[in-house]
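Commentary on secondary and tertiary structure
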Amino acid sequence: MPSFSATTITPGRRLQGRLHVPGDKSISHRYAMLAALAEGRSTLTQFAPGADCQSTIACLRQLGVDVQEGPPGTVTVLGRGLGRLRSSSQPLDAGNSGTTMRLLAGILAGHAFRSTLTGDDSLSRRPMRRVIDPLGRMGARIESDDGRPPLTVHGAALHGIDYQPEVPSAQVKTAVVLAGLHAEGVTSVVEPAPTRDHTERAIVAFGGRVACDGLRMSVPGGQRLSSQSLSVPGDFSSAAFWLVAAAALPGSRIAVDDVGLNPSRTALLGVLRRFGARVEVEVTGDEAGEPRGTITVEADRAGTLHIGPEEVPGLIDELPAIGALAAHGGEVTVHGAAELRVKESDRIAALVAGFRALGINADEHPDGFIVQGPAAGAARPRRPHGGTADACGDHRMAMAFAIAALAAEAPSTILGADAVAISYPGFFDILDRLVV
Ligand code: S3P
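Rules used throughout
Residues numbered from 1 in each chain as written. Predicted model: local features only at pLDDT ≥ 70, side-chain atom pairs only at ≥ 80, totals over all residues. Heavy atoms only, no water. Helix = DSSP H or I, 4+ residues; strand = E, 2+ residues; numbered from the N terminus. Contact = heavy atoms within 4.5 Å. Domains from an automatic or database assignment. Buried area = accessible area lost by both parts, 1.4 Å probe. Salt bridge = Lys/Arg side-chain N within 4 Å of Asp/Glu carboxyl O. Polar contact = N/O pair within 3.5 Å; in protein donor to acceptor, adjacent residues only side chain to side chain. Nonpolar A, V, L, I, M, F, W, Y, C, P; charged D, E, K, R; others polar. Buried < 20%, exposed > 50% of the residue type's maximum accessible area, 1.4 Å probe, protein only. Pairing = 2+ DSSP bridges. Core = buried A, V, L, I, M, F, W, Y, C linked by side-chain atoms within 4.5 Å. Near = heavy atom within 4 Å. Areas by Shrake-Rupley, 256 points an atom, 1.4 Å probe, with all protein chains shown as cover. Disulfide = S-S within 2.5 Å.

Here we look at the side chain of Arg 102
Tracing the chain through its elements places Arg 102 in helix α3 (residues 98-109). When neighbours within four sequence positions are excluded, Arg 102 is seen to be in contact with Arg 126, Pro 127, Met 128, Arg 130, Val 131, Gln 171 and Ala 175.

Comments concerning the domain arrangement of the protein chain
Domain parsing of the protein chain yields domain 1 (6-15 + 233-245 + 262-271 + 302-434) and domain 2 (25-231). In this complex, domain 1 contributes 19 residues to the contact, which on the side of domain 2 involves 22 residues. The largest share of the area that domain 1 buries against domain 2 comes from Pro 233, Glu 344 and Ile 422, three residues that together contribute 30% of it. Taken together, the connections running from domain 1 to domain 2 amount to 3 salt bridges. Salt-bridge contacts for Arg 130 lead to Glu 339; the nearest nitrogen and oxygen are separated by 2.8 Å. For the pair domain 1 and domain 2, the interface holds 12 residue pairs in polar contact (both at pLDDT 80 or more). Residues belonging to the side of domain 1 that touches domain 2 are distributed by class as follows: 8 nonpolar, 4 polar and 7 charged.

Concerning unusual backbone geometry
Pro 71 follows Gly 70 through a cis peptide bond whose omega is -5°. Tracing the sequence through the fold places Pro 71 in the loop between β4 (66-69) and β5 (75-80). Pro 149 connects to Pro 150 through a cis peptide bond whose omega is 5°. One can find Pro 150 in strand β9 (residues 148-154). Its identity as a non-glycine residue notwithstanding, Ala 288 has a phi of 55°, on the positive side. Position of Ala 288 among the secondary structure elements: in the loop between β16 (278-287) and β17 (290-298). Of the residues examined, Ala 288 reaches a relative accessible area of 22% and is grouped as partly exposed. A positive phi angle, close to 55°, is found at Cys 392, a residue other than glycine. Counting through the fold element by element, Cys 392 comes out in the loop between β22 (388-390) and α13 (395-405). The exposure class assigned to Cys 392 is partly exposed, which follows from its relative accessible area of 41%.

A word on the sheet that holds strand β12 (residues 211-213)
Strand pairing in a sheet takes place through backbone hydrogen bonds and is either antiparallel or parallel in direction. Taking strand neighbours across the sheet as the criterion, the 4 strands line up as β10-β11-β13-β12 in an open arrangement whose pairing is mixed. Lying at the two open borders of the sheet, with one neighbouring strand each, are β10 (162-163) and β12. The sheet contact formed by strand β11 (residues 186-190) and strand β13 (residues 216-220) spans 5 bridges and is antiparallel. Bridge pairing in β13 places Val 189 opposite Met 217.

A closer look at the nonpolar core
Within the largest apolar cluster, 76 residues are counted, with the highest numbers of intra-cluster contacts made by Trp 242, Leu 243, Leu 268, Leu 272 and Phe 427. By residue number, the principal contributor to this core is helix α8 (residues 236-248), which donates 11 residues. If we skip the residues at most four places from it in the chain, Leu 268 touches Phe 236, Ala 240, Leu 243, Val 244, Leu 315, Glu 318 and Ile 322. Ranked by size, the runner-up nonpolar core spans 64 residues in total, among them Ala 35, Leu 108, Val 172 and Ala 202.

Looking at the site of the ligand
Every residue near the ligand is listed here: Ser 26, Arg 30, Thr 99, Arg 102, Ser 169, Ala 170, Gln 171, Arg 196, Ile 316, Asp 317 and Lys 343. The side chain of Ser 26 places a nitrogen or oxygen atom 2.6 Å from an oxygen atom of the ligand. Taking Ala 170, its main chain carries an N or O atom lying 3.1 Å from an oxygen atom of the ligand. Protein chains bury 94% of the 390 Å² of accessible surface belonging to the ligand in isolation. Of all the secondary structure elements, the ones that give two or more residues to the shell around the ligand are α1 (25-37), α3 and α6 (170-181). By residue class, the composition of the shell around the ligand is 2 nonpolar, 4 polar and 5 charged. No fewer than three residues from each of domain 1 (6-15 + 233-245 + 262-271 + 302-434) and domain 2 (25-231) sit in the shell around the ligand.

Observations concerning the pairing of β17
The buried fraction of β17 amounts to 8 of the 9 residues, a majority that puts the element mostly inside the structure. Bridging between strand β15 (residues 253-260) and β17 involves 6 bridges; their strand directions are antiparallel. Of the residues in β17, the one forming a bridge with Val 256 is Ile 295. For β16 and β17, the ladder comprises 9 bridges, and the chain directions are antiparallel. The residue bridging Glu 282 from the neighbouring strand is Thr 294, located in β17. Where β16 folds back onto β17 in an antiparallel hairpin, the turn is made up of 2 residues, including Ala 288, whose phi is positive at roughly 55°.

Some points on the state of the cysteines
Under the defined criterion, the tally for this structure stands at 0 disulfides. Here Cys 53 stays free of any disulfide, with the sulfur of Cys 59 as its closest cysteine sulfur at 12 Å. Given a relative accessible area of 1%, Cys 53 falls into the buried group.

Given below as structure tokens:
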């Protein structure tokens, strides 16, 4: 549904403060689904508050899982056991959430009934063959609209496969592995490049078995998962916007507490150091194999960054924020990131169009973009003029434009700003608090 909400961003000189970010979205989806497949009552705290994880909860409820919410951030899931979900007579609405649709497709492939998965306009445009093909090879049949949602999953008795996805995708890996938990024999995925490994860690946390060897991971079918009490660390990809803003605006210092530090998610920290920021990390704990701690970033200088294909999988959700870095100074070039075109929006086209509307120098490549900030060496660097940027219904676009718009010389408007509720409700209130 098109959004008509708009938010005004006033230029900001620097960011200062200490904060927590909402619980990790990727981990919350996985914990909720594994809790549904486990035996017994799981309690999940600091569960991601955004609309995406609400879509997962709503779908699980429709599949017969008792999910209770409250106090805020706490979700209690009464697991039904592996392969024991109940069929839903109504379509399961994944909303805007690709993770909900792809991961649930994996689970439903192993349930011998028919389910339909739908989504909003954005999700309905996203590619699903990447899960349809491997789940089909395992024995399920999935109908689609020429490889796009809605998906009708005809679950079946599955058998394990050895699968090599063409694109590095944690969602694809996870869909196959979740199906593998329901399959006979061993299911293996060999990734073309490492992606976030929350699924591997979460299955172990729920008492399951996973074997990992380099880019190969394998799960035996027919396991039993046991209920757990787990707290979700803060979402690194949400923290990324503050870390980038702190790195971009001279005189800034931001500390984010209790944020996830899983090394498959934190490549941005190295990128910020390369750009010229001071970055400190203090590990304060580890729960369910997920390290967490405090990240502090201080701006120092603006540099020139080249991000190539080998770095992209580790930065996939942070690339819009990285674009916003250069809006303030320096230069960022990204290549090998064609996957950005099939996210919640075409993030290459949307980012470049939005930045240009704000007066920031930006250009598209087929597989990336370049953003050039006000020339650092110039006697009087010209700040972007500001303007109106359309988030194209994409939460990460709305947040990237907000950080970029701080660099402008006049207030800017972000259309569709309410998209932030997908992963970060309250983002703009925190921005107000941090800008000084
Ligand atoms: C996710 C994996 C990534 C990421 C998405 C969340 C996950 O998608 O962009 O926001 O939770 O597994 P892909 O698997 O499509 O790269």
